[in-house]
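# Examination of the molecular architecture
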Amino acid sequence: NDGEVTALAGKMMVNQGNLMGISMGSSEGGGYCDADGNLLGWINELCYIQLDLNPEAPYDPWTPHSGMSHMYLGQRAATRLAALGGVDLPEDLMPDHPNMNTMKHEGHAKC
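Quick look at the structure, then. (Residues numbered from 1 in each chain as written. Predicted model: local features only at pLDDT ≥ 70, side-chain atom pairs only at ≥ 80, totals over all residues. Heavy atoms only, no water.)

Taken together, the buried positions of helix α2 (residues 75-84) are occupied by R76, A77, T79, R80 and A82. Just downstream of α2, G86 is the residue with a positive phi angle, here 90°. (Buried < 20%, exposed > 50% of the residue type's maximum accessible area, 1.4 Å probe, protein only. Helix = DSSP H or I, 4+ residues; strand = E, 2+ residues; numbered from the N terminus.)

Here you go:
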């Protein structure tokens, strides 16, 4: 899991443990390493944590829920923020385009 790799990389960078790593890729992964740098295997996938309770929060294309963390901390977030920030995106890369609201991540990676 890339979240666990992120936690270990963080330990190597700061030379301390008890770190949570969050990877912001196609989705969102998480991992934790203890003070000695051991992986405990508890936190792995964080993409389905609800961060935003606002009823207007963006909906997750996989579930009936809104405000999921991967919509804020991953490629989908970058796509959404690029459009909101005025970046000139092709129509098929706009966040509300049907191609961008599937389980595939290729469009978000292009953005």
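Having seen the model, we can carry on.
Residues other than glycine predominantly adopt negative phi, and peptide bonds predominantly adopt the trans conformation. Of note, the phi angle at N15 is positive, near 55°, even though the residue is not glycine. As for its position among the elements, N15 is in the loop between α1 (2-14) and β1 (19-23). Positive phi is not limited to glycine here, since N18 has a value of about 55°. Among the secondary structure elements, N18 is positioned in the loop between α1 and β1. Judged by its relative accessible area of 48%, N18 falls in the partly exposed class.

Within the secondary structure, H65 is located in the loop between β2 (29-33) and α2. According to the relative accessible area criterion, H65 is partly exposed, its value standing at 43%. Residues H65 and L53 lie 12 residues apart in sequence; the distance between their C-alpha atoms is 10.0 Å. Not counting residues within four places of it along the chain, the set of residues in contact with H65 comprises Y59 and D60. (Contact = heavy atoms within 4.5 Å.)

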